[in-house]
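# Structural features, examined
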There are 2 protein chains.
Amino acid sequence: MDITVAIDCMGGDHGPHVTVPAALSFQKSNADVDLVLVGLKDAIEAELRAHGAKAGPRLRVHHASEVVLMDESPSLALRNKKDSSIRIVANLVRSGEAHACVSAGNTGALMAVSRFVLKTLPGIDRPAIISALPTIHGSTYVLDLGANVDCGPEHLLQFGIMGATLVGAVEHKDRPSVGLLNIGEEAMKGNDAVKRAADLLRDSGLNFIGNIEGDGIYRGEADVVVCDGFVGNVMLKASEGLVQMVRSFIRQEFMRSTLTRLAGGIVMPVLHAFRKRLDPRRFNGATLLGLRGIVVKSHGSADVFSFERAIERAADEVRNEVLHRLMLRFGSAEAEEAT
Amino acid sequence: MDITVAIDCMGGDHGPHVTVPAALSFQKSNADVDLVLVGLKDAIEAELRAHGAKAGPRLRVHHASEVVLMDESPSLALRNKKDSSIRIVANLVRSGEAHACVSAGNTGALMAVSRFVLKTLPGIDRPAIISALPTIHGSTYVLDLGANVDCGPEHLLQFGIMGATLVGAVEHKDRPSVGLLNIGEEAMKGNDAVKRAADLLRDSGLNFIGNIEGDGIYRGEADVVVCDGFVGNVMLKASEGLVQMVRSFIRQEFMRSTLTRLAGGIVMPVLHAFRKRLDPRRFNGATLLGLRGIVVKSHGSADVFSFERAIERAADEVRNEVLHRLMLRFGSAEAEEAT
């Protein structure tokens, strides 16, 4: 299968300086994936030249005259910037010229534009943001990470079904386990929406394992963890802050004296291995799940290594036919016809 | 000022084996604090003997014939176990025989019994759980950590006022900064309750610094962080799980080969210092805030070191007159009379 991924080269804190080299690096190890680099043509081509590369049939440049700023209002971006790189990558997915798109841009704008251009899948009220997180033994997927607040029980059920479908596809798991994030393992605990969501999930035919608490995420108790976007976003951001704090503590302790600095030098390979395992960049690339197309959001501060992971995620979801599986799961006639 | 703290010796995973030696160790460095050890007399006295200690006027033993189990229903514990150690420590605080109590028991039962026996402070609808968490530069206090779900804006406002009062007292800060946990720094983001709570906090006279995101907690952006108990509990538990994962990664990396084990030996003091800074035991002791008495909850799995920190916290809150300040803050006539 030939895969094409459209890349918003202007998004994120670094724009083409990061997105273009990441695209080049990605294509080196993924010769079967065509890329469309979207954004200000001059800026993209300058960056290609700087890396001794040039555009071609498998690495096209698609000009977009506007850029959505990181702090711009999503509704204004949607209304006023019809030739922004975010808008164009979504258009390319809708028209079928690309199978997926990737952006490190403004999350709110990416979601608003994607919803408007691509629409949601039949049966889905609200798209959710899903991403993998590391666990002691591997990884787990959590959704929603911030697209929706005040989620009702039926939204949480949809998240569970979408999450299980995605994880089943990309992790090649038959019946991924689904846990509901809650504050106690007993069914009596929790808020109203979560209590009712538990009943729905129990009757859903999913491999629902019940409530899990916050620490269960990193213990890898479930393949998929379902939660309200407010809760998921706070959990994710707090985890990021905690990892930063841990790294800063380690640095401080090893910099304390000449002796500890020397010791730090000796254990450098071990510290390096440790940091790598905890490196949030490895898990970069969150999917906006529930749209009629694959849209992957990279962290705004992503570097080249990290943005490449987001492109990989997009290609991987296309390879594993995530969209088609979602359509089948939600009983779409379109998917039946395509089969 | 003479201080008396009542200790539920039966709570937690280890009961008197942990609580009694912790009490003995605490009293060694806090000669001004009297302790009442509450629980099964024989078990407590056996533990005292095992440590070459005995009861006396400053270290009394108060028999309680019943024990609330860790997984017991709070309402059943409240109704049926009127001579439980949890009930007795609360009674001692209500009668004035103790200024504060500490328990590592069942959180739900401790909260239910404390609310029933002590009642809430005037002006407080719901007591909240508050605890200190480490930050890059010191510590921050977060509430609610799980006593309340589905909090309305006025509850979040009360949490802010209570939190600021407690932190002002025990950290000797004049106008502690208060942040509202949210999913974006812009006021437009967030769920309904949080948006309306921001308005209330802005007009409250508190040193309200606005919204903070999850990573702001560990960056120490605010002295007090206010949130719904569901969100706070998930955040706290996820952080605990993440710290466990980090420690397990470090152990695994250093145990990988003879060489890395040797390296681990060399950097042992540095690793030890690092672990100490990240040690959740140092922050053990969460206060049930908003009751007519000081009630401190220890982690159920607390060891001796950890449980002693919870006793310290209780004594510290008495020394700094947290209860009196709360009554003044909420305009209680009782506090005026007592002044």
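Residues numbered from 1 in each chain as written. Chains lettered and ligands numbered in written order. Predicted model: local features only at pLDDT ≥ 70, side-chain atom pairs only at ≥ 80, totals over all residues. Heavy atoms only, no water.

### Brief notes about the overall build of chain A
Across its full length, chain A holds 14 helices and 11 strands. Radius of gyration (C-alpha) of chain A: 21 Å, near the 20 Å computed for a compact globule of 339 residues. In terms of overall dimensions, chain A has a C-alpha envelope of 70 × 60 × 35 Å along the principal axes. Scored against the burial criterion, the 339 residues of chain A give a buried share of 60%. Contacts in chain A between residues at least 24 apart in sequence constitute 72% of all its contacts with a sequence separation of at least 6. (Helix = DSSP H or I, 4+ residues; strand = E, 2+ residues; numbered from the N terminus. Rg over C-alpha atoms; globule rule 2.2 N^0.38 Å. Buried < 20%, exposed > 50% of the residue type's maximum accessible area, 1.4 Å probe, protein only. Contact = heavy atoms within 4.5 Å.)

### A closer look at the confidence of the model for chain A
Per-residue confidence for chain A averages 92 on the pLDDT scale, and 96% of its residues sit at or above 70. If you check the scores for this complex, the pTM reads 0.91 and the ipTM reads 0.90. (pLDDT = per-residue confidence, 0-100.)

### Points about the sheet that holds strand 1 (residues 3-8) of chain B
All names here are of chain B. One open sheet holds the 11 strands; their spatial order is 3-2-1-4-11-10-5-6-9-7-8, and the pairing between them is mixed. Two strands close off the open sheet at either side, each with one partner strand: strand 3 (59-63) and strand 8 (207-212). In this sheet, neighbouring strand axes are inclined to one another by 25° on average, regardless of whether the strands run parallel or antiparallel. The sheet contact formed by strand 2 (residues 33-39) and strand 3 spans 5 bridges and is parallel. Residue Val36 lies in a different strand from strand 3, and its bridge partner there is Arg60. Here helix 1 (residues 16-29) sits on the sheet in contact with strand 1, strand 2 and strand 3, set at roughly 175° to strand 2. (Pairing = 2+ DSSP bridges. Axes fitted to C-alpha atoms, helices over the stretch in contact; angles between N-to-C directions.)

### Examining the packing of aromatic side chains
Counted by the stated rule, this structure contains 0 aromatic pairs over all chains. Just above the ring of Phe116 of chain B sits the side chain of Lys119 of chain B; from NZ or CZ to the centre is 4.8 Å. (Phe/Tyr/Trp six-rings, centres within 6.5 Å; stacked < 30°, edge-to-face > 60°. Lys NZ or Arg CZ within 6 Å of the ring centre and 35° of its normal.)

### A word on the interface of chain A and chain B
Listed per partner, the contact involves 49 residues of chain A and 49 residues of chain B. For the pair chain A and chain B, the summed buried area comes to about 4700 Å², and 76% of that belongs to carbon and sulfur atoms. Considering only the surface of chain A that becomes buried against chain B, Ile183, Phe230 and Arg277 of chain A emerge as the three largest contributors, covering 15% of it. Taken together, the links from chain A to chain B amount to 2 salt bridges. Taking the shortest distance from any N to any O, the salt bridge between Lys237 of chain A and Glu213 of chain B comes out at 2.4 Å. At the boundary of chain A and chain B, one finds 8 residue pairs in polar contact (both at pLDDT 80 or more). (Buried area = accessible area lost by both parts, 1.4 Å probe. Salt bridge = Lys/Arg side-chain N within 4 Å of Asp/Glu carboxyl O. Polar contact = N/O pair within 3.5 Å; in protein donor to acceptor, adjacent residues only side chain to side chain.)

### A short note on helix 11 (residues 268-278) of chain A
Inspection of helix 11 of chain A places Val270, Leu271, Phe274, Arg277 and Leu278 of chain A among the buried residues, and these make up the whole buried set. One side of helix 11 of chain A holds all its buried residues, which, seen down the axis, span an arc of 125°. Across helix 11 of chain A from its buried face, at more than 90 degrees, point the exposed residues Pro269, His272 and Lys276 of chain A. Buried residues along helix 11 of chain A sit in contact with helix 9 (229-254) and helix 10 (258-266) of chain A together with helix 9 (229-254) and helix 10 (258-266) of chain B. (Arc of directions from axis to C-beta.)

### Topic: the relation of the copies chain A and chain B
In the superposition of chain A on chain B (RMSD 0.0 Å, axial shift 0.0 Å), the rotation amounts to 180°. Given the turn and translation reported, the copies of this chain are related as if by a two-fold rotation axis. Mapped onto chain B, 100% of the interface residues of chain A again fall at the interface, so both copies present the same surface. (Least-squares fit on C-alpha atoms with pLDDT ≥ 70 in both.)

### Some words on the packing of helix 9 of chain A against helix 11 of chain A
Residues and elements named next belong to chain A. Contact geometry of helix 9 with helix 11 gives a least axis separation of 11 Å together with a crossing angle of 170°. Overall, the two elements helix 9 and helix 11 adopt an arrangement that is roughly antiparallel. Classified by chirality, the crossing of helix 11 by helix 9 is left-handed. Here Val243, Val246, Arg247, Ile250, Arg251 and Phe254 of helix 9 come into contact with helix 11, specifically with Leu271, Phe274, Arg275 and Leu278. Residues of the contact of helix 9 with helix 11, tallied by class, amount to 7 nonpolar, no polar and 3 charged. (Parallel < 35°, antiparallel > 145°, perpendicular 65-115°, else oblique. Left-handed = near helix turned anticlockwise from the far one by under 90°. Nonpolar A, V, L, I, M, F, W, Y, C, P; charged D, E, K, R; others polar.)

### So, the environment of Ala98 of chain A
Residue and element names in this part refer to chain A. Tracing the sequence through the fold places Ala98 in the loop between helix 4 (85-95) and strand 4 (100-103). Accessibility expressed as a relative area gives 3% for Ala98, which makes it buried. In contact with Ala98, other than residues within four places in its own chain, are Thr4, Ala6, Leu92 and Val93.

### Here's the deal with the side chain of Asp8 of chain B
Residues and elements named next belong to chain B. By the element assignment, Asp8 lies in strand 1. Here Asp8 is buried and forms no salt bridge, its nearest opposite-charge partner Lys297 lying at an N-O distance of 8.7 Å. Ignoring anything within four residues of it in the chain, the contact list for Asp8 reads Thr19, Val38, Ser85, Ile86, Val89, Val102, Ser103, Gly105 and Phe307. (Lys, Arg positive; Asp, Glu negative; His and termini not counted.)

### A word on the sheet that holds strand 3 (residues 59-63) of chain A
All names here are of chain A. Spatially, the 11 strands line up as an open sheet ordered 3-2-1-4-11-10-5-6-9-7-8, and their pairing is mixed. Two strands in the sheet have a free side with no partner beyond their single neighbour: strand 3 and strand 8 (207-212). Each strand of the sheet is rotated relative to its neighbour by a mean of 25°, with strand direction disregarded. Sheet topology places strand 1 (residues 3-8) next to strand 4; 3 bridges connect them, and they run parallel. Across the sheet, Val5 pairs through a bridge with Ala100, a residue of strand 4. Contacting strand 2 (33-39) and strand 3, helix 2 (residues 41-50) crosses the sheet at an angle of about 150° to strand 3. The strands that helix 5 (residues 107-118) touches are strand 4, strand 5 (128-134), strand 10 (286-289) and strand 11 (294-297); relative to strand 11, the one it contacts most, it runs at about 175°.

### Focus on the pattern of salt bridges
Residue and element names in this part refer to chain B. Evaluated as defined, the whole model comprises 30 salt bridges over all chains. Among the salt bridges present, the one from Asp199 reaches Arg202, with a minimum N-O distance of 3.1 Å. Here the residue Asp199 and the residue Arg202 both occupy positions in helix 7 (residues 192-202), the gap between them amounting to 3 residues, near one helical turn. Taking the shortest distance from any N to any O, the salt bridge between Arg319 and Asp316 comes out at 4.0 Å. Of this pair, Arg319 and Asp316 both sit in helix 12 (residues 304-319), 3 residues apart, roughly one helical turn.

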